Amino acid sequence: MLSALSVRAQTAEAKLQAKARAIHEQAFVLDSHQDTPGNLLKPGFDLTKDHTPAEEAQVDFPKMKRGGLDGAFWAVYVGQGPRTPEGTAAIRQEVQALFDVIHGAIKQHPTELALATTPDEALRIRKAGQRAIFIGMENGYPIGQDLGMLQTYYNQGARYITLCHSSNNDICDSSTDPKGPEHQGLSAFGRQVVQEMNRLGMMVDVSHTSDSTFYDVLRLSTVPIIASHSGSRVLSDMARNLTDDMLRDLARHDGVVQLNLFSPYVKTEQKSPERQAAEQAFCAKWHIKTFLNVYALPPADRKEALAEYTQIEKQYPVPLANVQDAANQIDHLVQVAGIDHVGIGSDFDGGTILTGLADIGDFPNLTMELVRRGYSARDINKIWSGNLFRVMRAVEKGKA
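Residues numbered from 1 in each chain as written. Predicted model: local features only at pLDDT ≥ 70, side-chain atom pairs only at ≥ 80, totals over all residues. Heavy atoms only, no water.

Asker: Looking at this structure, how should I read empty space enclosed by the protein?
Answerer: In this approach a probe as big as a water molecule rolls over the atoms, and the regions it shows empty are the leftover space. All chains considered together, the criterion is met by one cavity of 30 Å³ or more. Quantified by volume, the largest cavity comes out at close to 50 Å³. Around the largest cavity, the lining residues are Gln 80, Arg 83, Thr 88, Gly 140, Tyr 141, Gly 144, Asn 169, Asp 170 and Ile 171. Considering only residue class, the lining of the largest cavity consists of two nonpolar, five polar and two charged. (1 Å grid on protein atoms, 1.4 Å probe; cavity = no way out; pocket = protein on both sides within 12 Å on 5 of 7 lines; lining within 4 Å. Points joined across faces, edges and corners; volume = space filled by probe spheres on them. Nonpolar A, V, L, I, M, F, W, Y, C, P; charged D, E, K, R; others polar.)

Spelled out as C-alpha cells, the structure:
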C-alpha cells in the first residue's frame, strides 16, 4: 500500500508532466539545424517510416508527431573540398541536388510539409496542420568567389548560411582547420559576403567559424547573427562552442545561440587513455586536427576514415551526455547570455545523440526537464522558437 507521501509525490509528478505537455504543445517547436537532406538522398528512404536507431535516421514523420515538432531548418550541408574552379563546379552540383531533394520531399508530402521562409509563414503552416521546413546552408564553400550565388540560394529558400565548416574557405577561417588561420577572420571577400547577406535578408551563421571570424562578423553585420548549432565552451571545450565573452557579445548584438545536442559538445567527454591514444593515432594517420576534418577528405578517404572511427567508438565507448546535461547547457547559456538569446539547433541526422534525446521524438523530454527547473511557459516558448524568430524578423526588416 502506498504511503500518503508517495501518493502526494505521484500526484505532483503527474501534474508536472501535464504542465510540461501543455507547454510543449502550445510552443512552436523549432529546430534550427537538421541534416535530414542527407538521408533524403539515400535510395528508398521513407519519411513516413518510424526508423529504428540502427537505421540512423532521427527525423521522420512519426518522430515529428511524437516530438511535437512544428518546424525545422533542413541543412544543405557539404564538406570542404578543393578551392578550385573544378571543385566549386562539382560542389555546386551537390548543393543543387540537396535543394532539389528538399523541395521534392515537400512536394511529395503536401499534407505534412510546407516550405517556410519567414516566421509568419511558419505560423500559418502550423495553423494549417503542416510542419514548416526552412532551409539553411552549412558551409559557404559553394559560393566560391561569386557573390551572385547568394541570391541564387536565397531564391531557392535558404535563410541562413553557416560561413564555413571544418576547414578554412574563401570566406573565412574555420575553428578547426588543421593548418590554422588563413585570413585571421573574415577574408576581404568574406566581408562582402556578410554585407550581401545583410542586404538580402539572410541570417549569418557563425557556428564552426574561428573566434576571430565570429568577432569580424559581429562588428560588420548590421543585423543580429546566429550560431545555429553551438553551445557553451565552459561546459564542453570544443572550438565550435562559444566562450562566455562571446556569448555576452552575441547577446549585446541581439543574436542567438542555438544549442547543439551532440554529446561531445554538450558535456566534456571522459575518455579513457586508450580512447585518447586511438584518436591521436587516427588524426595523425589522416593528417587532421579533429574528427570533423574527415569531412574535408576526398570521398574515398572520407569513407574509409569514417568506418575506422566508427570502430574506435565501438572499441572504446564514451558515456553519452543526457537530457539533464543539455538542460545544464541551457542554464549556463541563459545565465550568461540571457533568456532572450538561447534556442535549439539539434544537429540530428548529423551524428548527434544524447541519452534521453536520441531523436526529435524525445523533444518533450527537454521541455519536461526545463519545467522541472522552473522555466516558465514564456521562457520555454522563447527557447523553442521565439528568440530565433525575433532574429529572423530583424534580419528581414534590415534588408535593403
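Asker: Is there a simple way to think about the packing of helix H9 (residues 244-252) against helix H13 (residues 323-337) in this case?
Answerer: To describe two helices that pack against each other, one gives the angle between their axes and the distance between the axes. Taken N-terminus to C-terminus, the directions of H9 and H13 make an angle of 60 degrees; their axes are 8 Å apart at the nearest point. Considering the angle they form, H9 stands oblique to H13. The element H9 and its partner H13 pack so that their crossing is right-handed. Taken together, the residues of H13 that come into contact with H9 (itself represented by Asp 244, Leu 247, Arg 248 and Ala 251) are His 332, Leu 333, Val 336 and Ala 337. Classifying every residue of the contact of H9 with H13 by side-chain character gives five nonpolar, one polar and two charged. (Axes fitted to C-alpha atoms, helices over the stretch in contact; angles between N-to-C directions. Helix = DSSP H or I, 4+ residues; strand = E, 2+ residues; numbered from the N terminus. Parallel < 35°, antiparallel > 145°, perpendicular 65-115°, else oblique. Left-handed = near helix turned anticlockwise from the far one by under 90°. Contact = heavy atoms within 4.5 Å.)

Asker: Where do I start with the nonpolar core in this structure?
Answerer: Soluble, globular proteins show a tendency: their nonpolar side chains are buried together. Residues Trp 74, Leu 163, Leu 261, Ile 330 and Phe 363 are the most contacted members of the largest nonpolar core, which totals 86 residues. Among the nonpolar cores identified, the runner-up in size contains 19 residues, and Phe 73, Ala 114, Val 256 and Phe 389 belong to it. (Core = buried A, V, L, I, M, F, W, Y, C linked by side-chain atoms within 4.5 Å. Buried < 20%, exposed > 50% of the residue type's maximum accessible area, 1.4 Å probe, protein only.)

Asker: Explain the packing of H13 against helix H14 (residues 363-372) to me, please; I cannot follow it from the model alone.
Answerer: Where H13 meets H14, the axes come as close as 10 Å, and the angle between the chain directions of the two elements is 60 degrees. Compared by their axis directions, H13 and H14 come out oblique. By crossing handedness, the relation of H13 to H14 is classed as right-handed. Listed contacts from H14 to Val 323, Gln 324, Ala 326, Ala 327 and Ile 330 of H13 are Asn 365, Leu 366, Glu 369 and Leu 370. Split into classes, the residues belonging to the contact of H13 with H14 amount to six nonpolar, two polar and one charged.

Asker: Sorry, what's going on with the state of the cysteines here?
Answerer: Any covalent bond linking the sulfur atoms of two cysteines counts as a disulfide. On inspection of all chains with the given rule, the structure shows zero disulfides. No disulfide involves Cys 164; its sulfur sits 3.7 Å from that of Cys 172, the nearest cysteine. A disulfide-free cysteine, Cys 283 has its sulfur positioned 18 Å from the sulfur of Cys 164, the nearest such atom. (Disulfide = S-S within 2.5 Å.)

Asker: Can you help me understand the layout of surface pockets in this one?
Answerer: Volume-wise, the second largest pocket comes out at about 230 Å³. Lining the second largest pocket are 15 residues, and of these Arg 21, His 24, Glu 25, Arg 66 and Pro 364 sit closest to its centre. Going through the elements one at a time, helix H1 (4-26), helix H3 (61-67) and H14 are the ones with two or more residues in the lining of the second largest pocket. Top contributing element to the lining of the second largest pocket by residue count: H1, with five residues.

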